[in-house]
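The chain contents come next:
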Amino acid sequence: MKYIIALDQGTTSSRAVLFDENGKPADITQKEFSQIFPRPGWVEHDPEEIWNTQHTVLTELLGRNRIRPEDIVSIGITNQRETTIVWDKHTGQPVMNAIVWQDKRTAPICEEMKKEGLEKYVRDNTGLVIDSYFSATKVAWILRNIPGAKEKAENGDLIMGTVDTWLIWKMTGGKVHATDYSNASRTMLFNIRNLEWDHHMLCRLEIPETMMPSVHPSSWHFGDYLIDGVPVPISGVLGDQQAALFGQACFNPGEVKNTYGTGCFMLMNTGEEIRESSSGLLTTIAWGLDKKIYYAFEGSVFIAGAAIQWLRDGLRILDAAEDSEYFAEKASGNDVFVVPAFSGLGAPYWDMYARGAIFGLTRDTGKKHLIKATLQSLAYQSKDLLETMEKDSGLKIKKLKVDGGAAMNNFLMQFQADILGARVERPAITESTALGAAYMAGMQSGFWKQEDILNKRITDRVFEPLISPEERNKLYAGWKKAVNRTMGWLKD
């Protein structure tokens, strides 16, 4: 038996997934790592801990299944995307912790750029909006604030990367400094039109181009990882949300998937055409494949599964995230609204200054109502995105493909179908992110063909909308009212 391994490096854990020849996950290993919060709004990860946990789960996966290196056809990598690491290319030592995509410390740099009128340039050339979410201002902050970093960077001694680049560097023993088109397009430093690092953006933020990795298609030989002296090719790299789009077999323009993870991310395949949004959606590269570039619309919800973690770890009203379905089913009414804007609001609002709030509390409100309203907030935010995609693409979306941990919550999926007024389709294999990376690696190695993916896809369950249009409109109006009252909270 031959296998493909996907390394799924996420925001809260590192995972390794073993796929057999039929594209089915044979085994999964996972290890959480530390979330570091130096100040309010700041979020960091230890790059060495990221590598150590990723290496550990891979080693454990191989040992537990008695897999020989010769049995591994190739490795695919998928990763949390905008999280940024800067390190010394001679020693491999990071200059500081990774600045995570959720981090808000660079909001002042974003404000500087907006005041200079750079928003149109950024939109037209990178497909993104000016926001602290992306890698560009994180690199700039590091060079401005870490003693000696600016000088070392100018001397060519420092390099940067998103997490995929860091893993490739570590796995190849520092021989390869590279990324793929999908991850590059999330930095706010990559021109998605000419497919090069954007000179104007690099100059504006005083980031030397020598820091930037080489950029390749998503299905590509990125180097070899030596396992017991045997070279195993790294043959596929995709940012996590693009990987899920590919793993869900959304190959045609207009097909949409939504991933319910730490954040919530909806992507629509727009084909080989760059489409522009008038409503704050991102235009991003979906993947590079067969000498072609495919694009996507993306809407991001910053806090999704993280809101359930907050109920568990912050408020301590849940023992386990899986219990949320039980309590939500027990709660009557829909009068409470939770807006989990802990890190601001993403599309279509793009408000860095919004903060979380709870509305509609009465003496009757208990923990089950808070749990229910928090779950519903994921569905409301996803409706925000879907409506915006329909408006900007001119397409009516009749089906939403879902994946990610919270997609297993039947209460949430039914409410998602109800509030959308559309079918929600959950695949039998919900490891869509890892599956997308595995497919990319397998295709590069000649292990699979793209048509195999459609043939292997099996649906687990379909959720049809059950509520009336009148009830749907009333609920959604309440949500919009609540969101509007959270916006601009941190502004004077």
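Residues numbered from 1 in each chain as written. Predicted model: local features only at pLDDT ≥ 70, side-chain atom pairs only at ≥ 80, totals over all residues. Heavy atoms only, no water.

Colleague: An account of the pattern of salt bridges is requested, with residue identities and associated values reported.
Modeller: Summed over all chains, the structure comprises 29 salt bridges. Note that Arg105 is salt-bridged to Glu44, the shortest N-O span being 2.9 Å. Here Arg105, found in the loop between strand S7 (98-99) and helix H2 (107-115), pairs with Glu44, found in strand S4 (residues 44-45); they are 61 residues apart in sequence, far enough to count as distant. The partner of Glu116 in a salt bridge is Arg204, with the nearest N and O atoms 2.6 Å apart. In this pair, Glu116 sits in the loop between H2 and helix H3 (119-126) while Arg204 sits in helix H8 (residues 199-204), placing the two residues 88 residues apart along the sequence. Residue Arg204 is classed as buried on the basis of its relative accessible area, which comes to 19%. Look at the salt bridges and you will find they share partners, linking Arg81, Glu82, Arg186, Asp240 and Glu298 into a network. (Salt bridge = Lys/Arg side-chain N within 4 Å of Asp/Glu carboxyl O. Helix = DSSP H or I, 4+ residues; strand = E, 2+ residues; numbered from the N terminus. Buried < 20%, exposed > 50% of the residue type's maximum accessible area, 1.4 Å probe, protein only.)

Colleague: Could you give an account of the nonpolar core, with specific residues and numbers?
Modeller: In terms of nonpolar packing, the biggest core is built from 124 residues, with Leu189, Leu205, Ile207, Met211, Phe246, Tyr260 and Trp287 touching the most fellow members. Counting 33 residues, the second largest nonpolar core, distinct from the first, contains Leu58, Ile67, Ala98 and Phe222. (Core = buried A, V, L, I, M, F, W, Y, C linked by side-chain atoms within 4.5 Å.)

Colleague: A description of helix H6 (residues 163-171) should follow, citing residues and the corresponding values.
Modeller: Of all nine residues that make up H6, eight are buried, and the element is covered over most of its length. Among the residues making up H6, those that are buried are Val163, Asp164, Thr165, Trp166, Leu167, Ile168, Trp169 and Met171. Phi for Gly173, located one or two positions after H6, is positive at around 65°.

Colleague: A description of the packing of aromatic side chains should follow, citing residues and the corresponding values.
Modeller: A ring pair, where both rings are aromatic, is described by two values, the distance of the centres and the angle of the planes. In total, this model carries 21 aromatic pairs according to the counting rule given. Ring geometry for Trp101 and Phe265: centres 5.8 Å apart, planes at 70°, overall edge-to-face. You can see Trp101 sitting in the loop between S7 and H2 and its partner Phe265 sitting in strand S16 (residues 264-271), a full 164 residues away along the chain. Its relative accessible area of 4% is what places Trp101 among the buried residues. Taken together through their ring pairs, the aromatic side chains of Trp101, Tyr133, Phe134, Phe265 and Phe302 make up a single cluster. (Phe/Tyr/Trp six-rings, centres within 6.5 Å; stacked < 30°, edge-to-face > 60°.)

Colleague: Give me the layout of surface pockets: which residues, what numbers.
Modeller: One number sums up the size of the largest pocket: a volume of about 1100 Å³. Looking at the largest pocket, it is lined by 42 residues, and the ones nearest its centre are Tyr260, Gly261, Thr262, Gly404 and Gly405. Of all the elements in the fold, those that place two or more residues in the lining of the largest pocket are strand S1 (3-9), strand S2 (13-19), strand S3 (25-32), helix H9 (240-247), strand S15 (256-260), helix H10 (305-314), helix H11 (324-330) and helix H14 (432-444). Considering every element that reaches the lining of the largest pocket, the biggest residue donor is H10, with five residues. Taken together, the residues of the lining of the largest pocket break down into 10 nonpolar, 21 polar and 11 charged. Considering only enclosed or pocket space, the second largest pocket measures out at about 600 Å³ in volume. Around the second largest pocket, the lining is made up of 24 residues, and of these Phe37, Gln102, Ile303, Ala306 and Gln309 lie nearest the centre. Residue contributions to the lining of the second largest pocket peak at six residues, all from H10. Broken down by class, the residue content of the lining of the second largest pocket amounts to nine nonpolar, nine polar and six charged. (1 Å grid on protein atoms, 1.4 Å probe; cavity = no way out; pocket = protein on both sides within 12 Å on 5 of 7 lines; lining within 4 Å. Points joined across faces, edges and corners; volume = space filled by probe spheres on them. Nonpolar A, V, L, I, M, F, W, Y, C, P; charged D, E, K, R; others polar.)

Colleague: Please set out the sheet that holds S3 residue by residue, giving values where relevant.
Modeller: In space, the six strands of this open sheet follow the order S3-S2-S1-S5-S14-S13, with mixed pairing throughout. Of all the strands in the sheet, just S3 and strand S13 (224-227) have a single pairing partner and so form its edges. Each adjacent strand pair in this sheet contributes to an overall mean axis angle of 25°, direction not counted. Relative to strand S14 (residues 230-239), strand S5 (residues 72-79) runs parallel, the two being bridged by five bridges. Each residue of the ladder has a partner; that of Thr78, found in S14, is Leu238. On the sheet, H9 packs against S5 and S14 and is oriented at approximately 90° with respect to S14. Along the sheet, H14 makes contact with S1, S2, S5 and S14, crossing S5 at roughly 135°. (Pairing = 2+ DSSP bridges. Axes fitted to C-alpha atoms, helices over the stretch in contact; angles between N-to-C directions. Contact = heavy atoms within 4.5 Å.)

Colleague: Go over the environment of Trp51, please, and point to the residues and values.
Modeller: If you trace the backbone, Trp51 turns up in helix H1 (residues 47-64). In sequence terms Trp51 and Thr374 are 323 residues apart; their C-alpha atoms lie 33 Å from each other. Setting aside chain neighbours within four positions, we find Trp51 in contact with Trp166, Leu167, Lys170, Met171 and Tyr225.

Colleague: Help me get a handle on H14, residues and values and all.
Modeller: With 13 residues, H14 extends 18 Å between its outermost C-alpha atoms, agreeing within 8% with the 18 Å of an ideal straight helix rising 1.5 Å per residue. Along H14, 12 of the 13 residues are buried, which leaves the element largely enclosed by surrounding structure. Just past H14, the residue Gly446 takes up positive phi, approximately 75°. (Expected span 1.5 Å × (residues − 1).)

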